[in-house]
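# Residue-level structural notes
What follows is each chain in one-letter form.
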Amino acid sequence: MQSLVFLCARRLLGHRPRARRALPFLPSELYPVLFQAAFLDGRALALQDLVTAWPFPLLSFQCLLGHCGHPQHRGHRAPPGDKPDKLCVQAVISAVVAHLRQALEESHPPTGDRQCHLRVLDMTGLQDDTTDRGPDGMSLWSGTVALAKACLEVAKHQTELQKRASKRRKGPSGTSSVSQTVSVEIIADLFVNSTSSGVLRDALQATGSPMRLRCRDFHAEELSVAGIVALLECLEPGGVRRVDLRFNNLGLAGLCAVVPQLSRFPDLLSLKLPYSNVDVRRHAAGADASFRRLSTHLGKLQALRELNLGSSRLSGKLRQLLRNLEAPLESLELAFCYLLPGDLAFLSQSLHAPALKKLDLSGHHFTESLLQPLCSLLENSSSLIHLDLMECQLTDSRLETLLPSLCRCSRLRCLGLFGNPLSTPGLKTLLRQTSVLQDLCLVVYPYPVDCYSRETPRPPSASSGIFEDTLDEERFTAVSAELCQMLVSSGRDNAMWTASLCRQGTLDYFAL
């Protein structure tokens, strides 16, 4: 329910001239709720007015648009599916640029209207680069480019003013006192690819600019090894908690060049390196030495708690890769890594097993030889919250073998089984036996094999979606309804069982 204060803020912002005149006389405590109302109603000009007169040193999008604000102003966040409006985000960035440009040009701070006290703009957690973003939403990539260009604009304006001031011989350094003291630090999650790496690198290297860009989560796609290393060297070490490098075709040699650069980030908790094109079958000279070197540098990441090596062929190398990690991992993603029984046996007896909260072993063919060490791993992973076993060739009989071990994961909340050849009876058995898992609230199950019209049905893969045209929709709808009824009858009507990958919403490590 919206508070009376929030409703009044909306009414005031509905008439911009009146709101602008009122801002200098409003108490500071009202600015957060005014920001919320302006952002959620898409009032870009009102946001500019608010930011240029912001009375606090910190403006955090996540706090103001989440549930972190003043208690009486909570509950006004956008619906979970909404994405940040690009005009609103751009308005806030533009307001910061305007504030800094004005501060650079003035020799003394303003004394009339309320002056801006903003020193830190925290934009983390806002941009979302998912596929269901609307046309008016701002992606992580476009937000990164907008911030980089803003930093360069302020830096360029500062340089021009310094040149002019130097010619007029004003002051010993040619700059005003305000230009030396007023600055705003922007904390953001950054996403970069080959088309934006240049502008981001230039912005990060503009160290003397009053608008400084700092990174929390760094995402890079389709960059060369040299390009990645150059950007990592530009990031300030403190505060970087995640590095996500995907589709970069690094290979083992590239990883050995990139990973050593990460030891300068003391707060690095998450390292994602999927699709790195590592394949142990390539017996290149020095490959074993490269694996040892990579393992050594992984061991130097003392804060590391999440590791994603998905889609790299690591058969028989898991022990070698993880043996130098001194602290246990809490999230480990090894989808389509062609692991051997010995790899899972090592993992089940390692220091990581009891600490794991998220585990992804999708894409492995769990025959008897691989199923037994998986059972041992699950029995030793009592902290597991999220488990993905998609496209693992799990039949009804193999799932039945796995269920006793799975049911020992008492904290399990999310289970992904899409793409496995399970039947309707197999799914019903799964539903009944997992009733002991009180926290299990999301199960992504496959289309049952008996819901296909083919003589020898084969379920669609998560990647290709083929064979969906053979699905008997009427039969599947009936099965889905029956599963829902079973959930209601067992008192678990709050749980979601779905065959839709779009509704899975992969649980992020930082949300565990």
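The preceding data block contains the structure.
Cut-off values and rules
- Residues numbered from 1 in each chain as written.
- Predicted model: local features only at pLDDT ≥ 70, side-chain atom pairs only at ≥ 80, totals over all residues.
- Heavy atoms only, no water.
- Helix = DSSP H or I, 4+ residues; strand = E, 2+ residues; numbered from the N terminus.
- Buried < 20%, exposed > 50% of the residue type's maximum accessible area, 1.4 Å probe, protein only.
- Contact = heavy atoms within 4.5 Å.
- Areas by Shrake-Rupley, 256 points an atom, 1.4 Å probe, with all protein chains shown as cover.
- Salt bridge = Lys/Arg side-chain N within 4 Å of Asp/Glu carboxyl O.
- Pairing = 2+ DSSP bridges.
- Right-handed = clockwise from strand over helix to strand, strands pointing away.
- Phe/Tyr/Trp six-rings, centres within 6.5 Å; stacked < 30°, edge-to-face > 60°.
- Core = buried A, V, L, I, M, F, W, Y, C linked by side-chain atoms within 4.5 Å.
- Axes fitted to C-alpha atoms, helices over the stretch in contact; angles between N-to-C directions.
- Parallel < 35°, antiparallel > 145°, perpendicular 65-115°, else oblique.
- Nonpolar A, V, L, I, M, F, W, Y, C, P; charged D, E, K, R; others polar.

### Let's talk about the overall build of the protein
Within the protein, the secondary structure is distributed over 18 helices and 13 strands. For the protein, buried positions account for 52% of its 512 residues. When contacts within the protein are restricted to residue pairs at least 6 apart in sequence, those whose partners lie at least 24 apart make up 83%. In the form shown here, the protein has an accessible surface area of approximately 23200 Å², with 51% of it arising from carbon and sulfur atoms.

### Remarks on the environment of G299
With respect to the helices, strands and loops of the structure, G299 is situated in helix 12 (residues 287-299). Taking the C-alpha atoms as reference points, G299 and A327, 28 residues apart in sequence, are found 8.9 Å from one another. Other than its neighbours up to four places away in sequence, G299 contacts N324 and L325.

### Overview of the side chain of S209
Summarising the element assignment, S209 is placed in the loop between helix 9 (197-205) and strand 4 (211-221). Residue S209 is classed as buried on the basis of its relative accessible area of 4%. Setting aside its immediate chain neighbours within four residues, S209 contacts C151, V154, A155 and Q158.

### Describing unusual backbone geometry
Although it is not a glycine, N249 sits at a positive phi angle of roughly 50°. Assignment of secondary structure puts N249 in the loop between strand 5 (242-246) and helix 11 (251-258). Looking at N249, the relative accessible area reads 54%, which means it is exposed. Backbone geometry at F336 places phi at a positive 55°, although glycine is not the residue there.

### As for the pattern of salt bridges
As enumerated under the stated definition, the model contains 21 salt bridges in all. Each of R242, K272, E306, E333 and D508 takes part in a single network of salt bridges with overlapping partners.

### Concerning the pairing of strand 4
Of all the eleven residues making up strand 4, eight are buried; the element is thus mostly covered by neighbouring parts of the structure. When strand 3 (residues 184-192) meets strand 4, the two strands line up parallel, connected through eight bridges. In the sheet register, I187 faces strand 4, and the bridge partner there is R214. For the segment spanning strand 3, helix 9 and strand 4, crossover handedness is right-handed. Note that strand 4 and strand 5 share five bridges and pair parallel. Across the sheet, the residue bridging to D217 is R242, located in strand 5. Regarding the hand of the β-α-β motif, the stretch spanning strand 4, helix 10 (residues 225-234) and strand 5 is right-handed.

### Quick word on the packing of aromatic side chains
Applying the stated criterion to the full structure yields twelve aromatic pairs. Here the aromatic rings of F35 and F61 are separated by 5.7 Å at their centres, their planes lie at 55°, and the arrangement is tilted. Of this pair, F35 sits in helix 3 (residues 31-40) while F61 sits in helix 5 (residues 61-64), and the two are 26 residues apart along the sequence. The residues F35 and F61 share a single accessibility class, namely buried. On the basis of an interplanar angle of 70° and a centroid distance of 5.8 Å, the ring pair of W54 and F56 is categorised as edge-to-face. On the basis of relative accessibility, which here comes to 27%, the residue F56 falls in the partly exposed class.

### What to know about the nonpolar core
With 157 residues, the main nonpolar core has F35, F61, M211, F218, L361, F366 and L389 as its most contacted residues. Among the elements that take part in this core, helix 6 (residues 86-105) stands out by supplying eleven residues, more than any other. Once you skip the residues sitting within four places of it in the chain, F366 turns out to touch L344, L361, L371, L374, L389, C392, L394 and R398.

### Structural notes on the packing of helix 14 (residues 341-349) against helix 15 (residues 368-379)
In the contact formed by helix 14 and helix 15, the axes pass within 8 Å of each other and the chain directions differ by 10°. Put simply, helix 14 runs roughly parallel to helix 15. Taking contact as the criterion, the partners of P341, L344, A345, L347 and S348 in helix 14 are, on helix 15, S369, L370, P373, L374, S376 and L377. Counted by class, the contact of helix 14 with helix 15 contains eight nonpolar, three polar and no charged residues.

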